[in-house]
Amino acid sequence: MADPGRRSPKVLLALSALLTFWCLAVCAVPASAAPLDRARFTADLCGDAAGQVRGAESLVQAGGDLAADDLAYAGRLLGALAERRLACPAEGAVLFDRPGAPEGRDALTGAVRPVAETRAPVLGLRQRAAVETARGTVALLTGPDPASRAAGLSVLERRIATVPAALLDRARDAETDASLKGTIAGLAQAAALSSPDPARRRAAIAAVAASPSGTAAARLEALKGDPAYASDPAFRAALDAGLAQVGRAVAVGNALAILYNGLSFASILFMAAAGLAIIFGLMGVINLAQGEFIMLGAYATYGVQEAFRRFAPAQLDLYLFAAIPVAFLAVALVGIAVEALILRHLYKRPLMSLLATWAVSLFLVNLVRVGVGTQNLQFTMPAYVSGGIPLYADFVITWNRLFAIGFAAATLALTLLILRRTPLGLDIRAVTQNRDMAACLGLPTRRIDRLAFGLGSGLAGLAGVALCPIYSVNPGMGSGFIVDSFMVVVLGGVGSLAGTLVAALGVGGANVLIEPISGAVAAKVIVLVGIILFLQRRPEGLFAVRRRR
Amino acid sequence: MSALVVEALTVAFGRFTALDAVSLAVDPGEVRAVIGPNGAGKTTLLDVISGITKPVSGRVMLGDTLDLTKCSEAEIARAGVRRKFQKPSVFPALTVRENLEIGCGPALSPGERPARIASVLGETGLAPRAQALAGSLAHGEKQWLEIGMVLAAEPALLLLDEPVAGLSDAETAHTAALIRGLRRPDRAVVVIEHDMGFVEAIADRVTVLHEGRTLYEGSMHGARGDARVIEVFLGR
Amino acid sequence: MSGAVQTALAPLGGPARRALRDPLVAGLVGLCLAAAAALLVAPPAPFLVNVLGQLAAFAILAVALDLVWGYLGILSLGHGLFFAIGGYVCAMHLLAHGAAVTGVLPDFVQFMGWKSLPAYWFGLDHAPYAFVLALAVAGLVAFVFGLASFRSRVNGVYFSIISQALVYVAMLLMYRNDTGLGGNNGMTGFPLLFGWPMGSPGVVTGLAVAALVTLAAVLTGTRLLVGSAIGRRMLACRDDETRLRTLGYSTTRLKLGIWCLSAMIAALAGILYVPQVGIINPRVLAPDLSIEIAVWVAIGGLGRLGGAVIGAVLVNGLKFWLSAAMPDAWPFILSGLVLLVVLVLPNGLLDLVSWRPRPTWLGGQR
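By convention here, each chain's residues receive numbers from 1 onward along its written sequence. Each chain is given a letter, starting from A, and each ligand a number, starting from 1, according to the order in which they appear as written. Local features in this predicted model are restricted to residues of pLDDT 70 or higher, and side-chain atom pairs are both shown and tallied only at a pLDDT of 80 or more, whereas totals for entire chains, interfaces and linings draw on every residue. Side-chain figures throughout are based on the complete set of non-hydrogen atoms in the structure, without hydrogens or water.

### What to know about the interface of chain C and chain B
- Here, residues are in contact when the closest pair of their heavy atoms is within 4.5 Å. Listed by partner, the interface residues are 21 residues for chain C and 27 residues for chain B.
- Two parts lose some accessible area (1.4 Å probe) when they are put together, and adding that loss for both gives the buried area. Carbon and sulfur atoms make up 60% of the surface buried where chain C meets chain B, a total of about 1900 Å² over both sides.
- By definition, a salt bridge exists where a carboxyl oxygen of Asp or Glu is found within 4 Å of a side-chain nitrogen of Lys or Arg. At the junction of chain C and chain B, the tally comes to four salt bridges.
- Glu73 of chain B serves as the salt-bridge partner of Arg245 of chain C, at 3.0 Å between the closest nitrogen and oxygen.
- Polar contacts, as used here, are pairs of N or O atoms within 3.5 Å; protein pairs need one atom able to donate a hydrogen and one able to accept it. Residues neighboring in sequence count only if both atoms are side-chain atoms. One can count nine residue pairs in polar contact (both at pLDDT 80 or more) joining chain C with chain B.
- Elements represented by at least two residues in the side of chain C that touches chain B include exactly helix H10 (229-239) and helix H11 (241-245) of chain C.
- Here the side of chain C that touches chain B gets seven residues from one element, more than from any other, and that element is H10 of chain C. Numbering of helices and strands runs from the N terminus, with a helix taken as a DSSP run of H or I at least four residues long and a strand as a DSSP run of E at least two residues long.

### Focus: the UniProt feature "transmembrane region" (unreviewed entry) in chain A
- UniProt positions are given in the numbering used here, feature names are shortened, and annotations may be inferred rather than shown by experiment. Here the UniProt feature "transmembrane region" (unreviewed entry) sits at residues 318-342, 354-372, 402-419, 451-473, 485-505 and 517-535 of chain A.
- In residues 402-419 of chain A, helix accounts for 100% and strand for 0%; the two terminal C-alpha atoms are 25 Å from one another.

### Some details on the interface of chain A and chain C
- Contact with chain A, which involves 41 residues of that partner, is made by 47 residues of chain C.
- Between chain A and chain C, roughly 4100 Å² of surface is buried when both sides are summed, and carbon and sulfur atoms account for 77% of that area.
- Linking chain A with chain C are two residue pairs in polar contact (both at pLDDT 80 or more), by the criterion used here.
- Mapped by element, the contributors of at least two residues to the side of chain A that touches chain C are helix H15 (350-371), helix H20 (478-492) and helix H21 (497-537) of chain A.
- Examining the composition of the side of chain A that touches chain C, we find that 13 residues originate from one element, H15 of chain A, more than from any other.

### Here's the deal with the nonpolar core
- With 267 residues, the main nonpolar core has Trp69 and Met187 of chain C as its most contacted residues.
- Among the elements that make up this core, the one with the highest residue count is helix H4 (residues 46-72) of chain C (16 residues).
- For our purposes a nonpolar core is just a set of buried Ala, Val, Leu, Ile, Met, Phe, Trp, Tyr and Cys residues, chained together by side-chain atoms within 4.5 Å. To sort residues, take the accessible area from a 1.4 Å probe on protein chains only and compare it with the maximum for the residue type: under 20% means buried, over 50% means exposed, and anything in between is partly exposed. Counting 41 residues, the second largest nonpolar core, distinct from the first, contains Leu71, Leu95, Leu156 and Ala188 of chain A.

### With respect to the domain arrangement of chain A
- Along its sequence, chain A is organised into domain 1 (38-194) and domain 2 (252-478).
- Those domain boundaries reflect an automatic or database domain assignment. Distance from the C-alpha centre of domain 1 of chain A to the C-alpha centre of domain 2 of chain A: 60 Å.

### Quick notes on the sheet that holds strand E4 (residues 112-114) of chain A
- Pairing between strands requires that DSSP locate at least two bridges from one strand to the other. Strand order in the open sheet formed by four strands is E1-E2-E3-E4 (chain A), and the pairing between neighbours is antiparallel. The sheet is open, and its two borders are formed by strand E1 (86-87) and E4 of chain A, each paired with just one other strand.

### Structural notes on the pairing of strand E1 (residues 4-13) of chain B
Residue and element names in this part refer to chain B.
- Across the ten residues that make up E1, a large majority, eight, are buried.
- The sheet contact formed by E1 and strand E2 (residues 16-26) spans seven bridges and is antiparallel. Bridge pairing in E2 links Ala12 to Thr17.
- The turn joining E1 and E2, which pair antiparallel and follow one another in sequence, is formed by two residues; a positive phi near 60° is taken by Gly14.

### Topic: helix H5 (residues 139-151) of chain B
- Here the expected span of a helix is defined as 1.5 Å times the quantity of residues minus one. With 13 residues, H5 of chain B ought to run about 18 Å at 1.5 Å a step, and its terminal C-alpha atoms sit 18 Å apart, in line with that.
- Burial analysis of H5 of chain B places eleven of its 13 residues in the buried class, the great majority of the element.
- In the core, the buried residues of H5 of chain B are packed alongside strand E6 (81-84), helix H3 (96-103), helix H4 (113-124), strand E7 (157-161) and helix H6 (169-180) of chain B together with H11 of chain C.

### Quick notes on the state of the cysteines
- Disulfides are defined in this document as cysteine sulfur pairs within 2.5 Å. The tally for this structure, following the rule as stated, stands at one disulfide over all chains.
- Here Cys46 of chain A is linked by a disulfide to Cys88 of chain A, with a sulfur-sulfur distance of 1.9 Å. Linking Cys46 of chain A and Cys88 of chain A, the disulfide has an S-S dihedral of approximately -75° and is accordingly described as left-handed. Here Cys46 of chain A is found in helix H2 (residues 38-46), whereas its partner Cys88 of chain A is found in the loop between E1 and strand E2 (94-95), with 42 residues between them in sequence. Neither Cys46 of chain A nor Cys88 of chain A differs from the other in exposure class; each is buried.
- Not engaged in a disulfide, the cysteine Cys104 of chain B finds its nearest cysteine sulfur in Cys237 of chain C; these two sulfurs lie 19 Å apart.
- The class of Cys104 of chain B is buried, set by a relative accessible area of 5%.
- For Cys32 of chain C, which is in no disulfide, the shortest distance to another cysteine sulfur is to Cys90 of chain C and amounts to 20 Å.

### Notes on the side chain of Thr133 of chain A
- Structurally, Thr133 of chain A can be placed in helix H5 (residues 125-142).
- Beyond its immediate stretch of four places on either side in the chain, Thr133 of chain A contacts Val60, Val155, Leu156 and Arg159 of chain A.

### Points about the packing of aromatic side chains
- Here is the rule: rings of Phe, Tyr and Trp (six-membered ring for Trp) pair when centre to centre is within 6.5 Å. Planes less than 30 degrees apart are stacked, more than 60 are edge-to-face, and the remainder are tilted. Scanning the entire structure with this criterion turns up 16 aromatic pairs over all chains.
- Note on Phe280 of chain A and Tyr158 of chain C: the rings are 5.7 Å apart at their centroids and 35° apart in plane angle, and the pair reads as tilted. Highlighted residues: Phe280 of chain A in helix H12 (residues 233-283) and Tyr158 of chain C in helix H8 (residues 156-174), drawn from two different chains.
- Owing to a relative accessible area of 6%, Phe280 of chain A belongs among the buried residues under this scheme.
- Taking 6.1 Å as the distance between ring centres and 90° as the angle between the ring planes, the aromatic pair formed by Phe150 of chain C and Trp259 of chain C counts as edge-to-face. Placement of Phe150 of chain C in helix H7 (residues 127-151) and of Trp259 of chain C in helix H12 (residues 251-277) is noted, with a sequence separation of 109 residues between them.
- What makes Phe150 of chain C buried here is its relative accessible area of 2%.
- Each residue in the set Phe82, Phe145, Phe150, Phe159 and Trp259 of chain C is aromatic and connected to the rest through ring pairs, giving one cluster.
- Charge-over-ring placement is defined geometrically: NZ (Lys) or CZ (Arg) within 6 Å of the ring centre, and within 35 degrees of the ring normal. Its guanidinium or amino end placed over the ring of Tyr73 of chain A, Arg38 of chain A lies 4.8 Å from that ring's centre, counting from NZ or CZ.

### Overview of the packing of H15 of chain A against helix H13 (residues 287-300) of chain C
- Whenever a helix is involved, its axis is fitted only over the stretch in contact; in every case the axis is a line through C-alpha atoms, and angles between N-to-C directions fall within 0 to 180 degrees. Between H15 of chain A and H13 of chain C, the shortest axis-to-axis distance is 11 Å and the interhelical angle comes to 120°. Taken as axis vectors, H15 of chain A and H13 of chain C run oblique relative to one another. Between H15 of chain A and H13 of chain C lies a crossing of left-handed hand. Taking contact as the criterion, the partners of Met352, Leu355 and Trp358 of chain A in H15 of chain A are, on H13 of chain C, Asp288, Ile291, Glu292, Ala294, Val295 and Ala298 of chain C. What sets the label is the angle itself: under 35 degrees gives roughly parallel, over 145 gives roughly antiparallel, 65 to 115 gives roughly perpendicular, and the rest give oblique. Here is the rule for handedness: rotate from the far helix to the near one, and if that takes an anticlockwise turn smaller than a right angle the crossing is left-handed, while a clockwise turn gives right-handed.

### Details of a nonpolar patch on the surface
All names here are of chain A.
- Patches in this entry comprise residues that are over 30% relatively accessible and not in a salt bridge; like charges within 9 Å are linked, as are nonpolar side chains (Val, Leu, Ile, Met, Phe, Trp, Tyr) within 5 Å. Throughout, the Shrake-Rupley method with a 1.4 Å probe supplies accessible areas, and for residues the shown protein chains are the sole cover considered. On the surface, Val252, Leu256, Leu259, Ile389, Leu391 and Tyr392 cluster together into a nonpolar patch covering about 530 Å² of accessible area.
- Taken together, the elements giving at least two residues each to the nonpolar patch come down to H12 and strand E5 (388-392).
- Its location among the elements puts Leu259 in helix H12.

### Quick word on the pairing of E7 of chain B
Residue and element names in this part refer to chain B.
- Of all five residues making up E7, five are buried, and the element is well covered by its neighbours.
- The two faces of E7 match: Leu157, Leu159 and Asp161 on one face and Leu158 and Leu160 on the other face are all buried.
- Across four bridges, E6 lies against E7 in parallel orientation. Counterpart to Arg82 in the pairing with E7 is Leu158.
- Bridging between E7 and strand E8 (residues 188-192) involves five bridges; their strand directions are parallel. Counterpart to Leu158 in the pairing with E8 is Val189.
- The handedness of the E7 to E8 crossover, carried by H6, is right-handed. By the criterion used throughout, a crossover qualifies as right-handed when its path from the first strand across the helix to the second strand runs clockwise, the strands pointing away from the viewer.

Set out below in structure tokens:
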């Protein structure tokens, strides 16, 4: 609706009518509420103990329907009563600015008048509780900021049984702070579940079951101990049905969560292993420093973040994207340097190249340890990688994991593009399949090795970027999942990106699936044993083509 | 009975069919040459017979009783089959004598070994180099050493993969004499070779493979006159 | 070697003479025995004795790895597992023995709130049983893993990284507290060795002497092995396994046998190591430590038993000295040393004294 002026008057009219209707519908709720009988309320508070309790409780009971100015009035009066700034001479209640002041304001009219007699009503223990609850009601409904509303809520929580549902519903609907809104809703549910009215309880059970979660299940489960479960068949049926519904939904939600976590773990594994697999397929070299290359990628990301903080703080949120090319190029250059200085001399001695890359990893870890320090790096997480949306039951799509999954998918697409559609990719595939023949055809195999090593290392750098929002970043982080990514390469087969992908999904999925059943260690053991057993059948891995000797 | 019977052997590497229902029979005492252009499946055939490659289907019967496709390399070797590889495969870190000792196989008792080694050293003409490390031998000497290693076990079936590739004329003549000397009534020999002159000098019969199939089987003279063979070899 | 010595050795028979004709191994065996004798006659400060004993244990471990890597071409990045098996069983024996004599349960058992040692500790207070058990468990684990790998012809780099995964998984397993083996704190506080108080000068010297004599015995034994017909088959298998198989040899059986032997020698090193340092914990199972063993061998000289010993002693001696003197610099020195050896001295430091011509197989190993 960019420019309503261009539209015809008819449409405008209809729109304004709609607007008016909407306004009426919404604004009508407070407007139609019964007004507070201020005189009677004031008299109650000025009265004896029973009157004070009656006044306070009536406010709580009516709280859901009162207009905002009535609530404010009641709040002022209750505050003065609690803080002993209220006097009740015969001509009407007076509020002081401080206890014992010579003059105050008339409670009803607000006019300033001197007061001779300043007897403040004293609150007993029971009255104080009632008054505090009433003040909490006012704070919850009219508090200016979430903190004061939360404070009001916590007061109400102590006497939740006496709080009417309408009050909590109104507070929930009006609440703007998401987490406080959730807390209010939860409290409202709890209140309804323990309501003395059986119909309301059953409705509450159905409402709880309608938005299933682990806490909902626990809440309903607790009701089985309620006497009504044994005595009231309708209640029992409602509870059993609700529990069954929640149980199913929670199971589905948990399964989805496991799949999601497995997918994100597999994404990380794939990113860590893809570079390894390309290098291994091409040169028969397992790069034991791949984990440290990932670590360097994460540190490069940190460097980009610090640069943004210093030179472009307004765009700080974009640093993760800016880090992608930086981390790729930086780590690719490190990889190319390692290849040119060290591995080039070791292609015919793959076992020695294992040791050489281990030495490189030892060197890099300690270089970072001495140069930057051993502590975890602090990252500012932009909004697009923090939090998430609850999707179903307890299953929450967390943005950081989605970022990793998307990142891995993009990396896969890009790597496939490079391998399938670029001259370098064609060269890499040619040398992977038959080095001698490729050399005979005049391909510069050494230069291809170097570029491919750069590509594989750069992929590790990208994995480092993807890891930042999920794992803690420190010099030793590389060793954490490097064994898993080796297993992925072994399982996937030599130089097959498809194999690496399938193996990453398999290993990641198996780890996450087994973990809740028998623990993380058992998961690793089972996966390793599974891989060894699998290699009994296919020693070349999943996707390796049988080759002639 | 035949020394070696290959029945409808099919081998595939991925989508590539290296051997397509190849059959052949070799009699005891026969020297059979298998020829064909590059990629015809010759080395693959030897790989299956010696157990290095397992076929998709088909059988390889040794002496009518033993199906070699069901055996490991070591079991096949112990049944009396020996293979000389295309690329000379000797153990570079061991001396010529030690290579031949290993060539005798695990079955021969230690007491009989010195005599066997001495006779093979004589046959191959490597006696003067007996103490040299195999890695330090010249190419031709490595070929002879490998032939010696497979002879040391006195095999019933001998598989030779391009024994004269890369050898000089004099070395080729020496090798041809060596192989003619191997002929025995109880021993079958299968030779793979490109060198037609060499094949004519040693083989009783030839099998011509082309693109994984048998193109011709018979005498070398017949092969020279066969139209399809001539076409495949472009008049060679 | 002079003719007189050769004549004196004649009754030993061919292989023995051939073995002892390796001057490096013969010299090291003599050195070990001489050092052991010197320790018995005039022991220096207990600290030095202890260091010497630990170095001997590491040297045994290096010989175990060299046997499979240098002579069979199998690079294990998981030999720390077998070392740890020996060490753990030895620690179990020491604790069980201590508990049997003093009646006080080990700390970690009390920590877990158990009333007695777990059932599978039964009988471990008897030293001969514990010794046999350590070797048997190491051999059995090696057999199962080796059979699975060698039968399916997993070799080269593949084997290396699977063996690394094996030791990694074992580490995760041992970090758990409910295994009955001390969890992440491991086992320590050994009170007695054969009834004598641990840490007394006599025990320290005795352990060092035992380690040195064992090293001499292991060196002699492995040298006899690699000089025998089996040793020649090992070299043949390393250089061309398919060729050896097509000559009628079961390389799976050969590799499996040597692999298990190597594992048991590594366990022996663990048995000798643990009482000398007085502790074992899952950190010995860290993959890095297993790679370091390969580093000792590569630095000393792959494929020569004497080289493995020299590498282990040199690297660990340097480590003892430098990781105390300048802890930040040690990792850089170690990585520099590895790169130097790998790039410039492919046969290890023994290249410096040019012991024998560079073996050709190093150029073609795959």
